[in-house]
Amino acid sequence: TPVHPVGPYGQPITYVTIKKHEDDIAILKQQIGILIKQEYLNEDEITVLVSDKTARDRLTANGKLGQYPVCTGTELKEKHISIETVRRFKGLDSPVIILYQPKTYINENEMIYTGISRAQVKLIIVGDKDSIGFLKSKQPETNQWAELV
């Protein structure tokens, strides 16, 4: 079932706060599970954007994120979650973006803008309390995200 926007600007942004760094893989698996099992999305409609290759490799042990097979954003495969760095995903897009740990880019407006603007329909931001708070203060309703670039 293809993902369709709710209204002209897509679905509302989902913010998910990580309380402990050790919980991040479990939270990402949970969010992906919701998208696949409750919202009936295909794996290849979901992209996880991370800050760097080290974070990507840590999250994808054995070519999987939890039970979900993964590929990079440049080697898209059917029935695979795409996981890529924000920098390498520049110029690309995906129906659903999970932006993971945007705190790394708090002082890099262009990278924040790149990460949040890759979603065609749904954006999920997963991060600590500070990064979530910062990004909530820049929500599209305030027209401030465009000012990041």
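Our structure's up above, just so we're on the same page.
Here goes a summary of the coordinates provided. Everything numeric here is computed off the predicted structure, so don't read it as measured data. (Residues numbered from 1 in each chain as written. Predicted model: local features only at pLDDT ≥ 70, side-chain atom pairs only at ≥ 80, totals over all residues. Heavy atoms only, no water.)

Across its full length, the protein carries four helices and seven strands. Along the chain direction, N to C, the helices and strands of the protein fall in the order β-α-β-α-β-β-β-β-α-β-α. Taking the intrachain contacts of the protein between residues at least 6 apart in sequence as the baseline, contacts between residues at least 24 apart amount to 70%. Carbon and sulfur atoms make up 50% of the accessible area of the protein, which totals about 8,000 Å². (Helix = DSSP H or I, 4+ residues; strand = E, 2+ residues; numbered from the N terminus. Contact = heavy atoms within 4.5 Å. Areas by Shrake-Rupley, 256 points an atom, 1.4 Å probe, with all protein chains shown as cover.)

What follows covers helix H4 (residues 129–136). Every buried residue of H4 is listed here: Ser-131, Ile-132 and Leu-135. The buried side chains of H4 occupy one side of the element, clustering within an arc of 100° when seen end-on. Turned more than 90 degrees off the buried face of H4, the exposed positions are Lys-129 and Asp-130. Summarising the contacts, the buried residues of H4 are in contact with strand S1 (14–17), helix H3 (109–116) and strand S7 (119–127). (Buried < 20%, exposed > 50% of the residue type's maximum accessible area, 1.4 Å probe, protein only. Arc of directions from axis to C-beta.)

This part covers the sheet that holds S1. If you trace the seven strands from one edge of the open sheet to the other, you get S1-S7-S6-S2-S5-S4-S3, paired in mixed fashion. Among the strands making up the open sheet, the edge pair consists of S1 and strand S3 (64–65). Helix H1 (residues 24–38) rests against S1, strand S2 (46–50), S3, strand S4 (68–71), strand S5 (81–85), strand S6 (94–100) and S7 of the sheet, and its axis sits at about 160° to S6. Here H3 sits on the sheet in contact with S2, S6 and S7, set at roughly 125° to S7. (Pairing = 2+ DSSP bridges. Axes fitted to C-alpha atoms, helices over the stretch in contact; angles between N-to-C directions.)

As enumerated under the stated definition, the model contains one cavity of 30 Å³ or more in all. Taken as a whole, the largest cavity encloses approximately 30 Å³ of empty space. What lines the largest cavity is simply Val-86, Leu-99, Pro-102, Tyr-105, Met-111, Ile-112 and Gly-115. Per element, the largest residue contribution to the lining of the largest cavity is three residues, and it comes from H3. The residue inventory of the lining of the largest cavity, partitioned by class, reads six nonpolar, one polar and no charged. (1 Å grid on protein atoms, 1.4 Å probe; cavity = no way out; pocket = protein on both sides within 12 Å on 5 of 7 lines; lining within 4 Å. Points joined across faces, edges and corners; volume = space filled by probe spheres on them. Nonpolar A, V, L, I, M, F, W, Y, C, P; charged D, E, K, R; others polar.)

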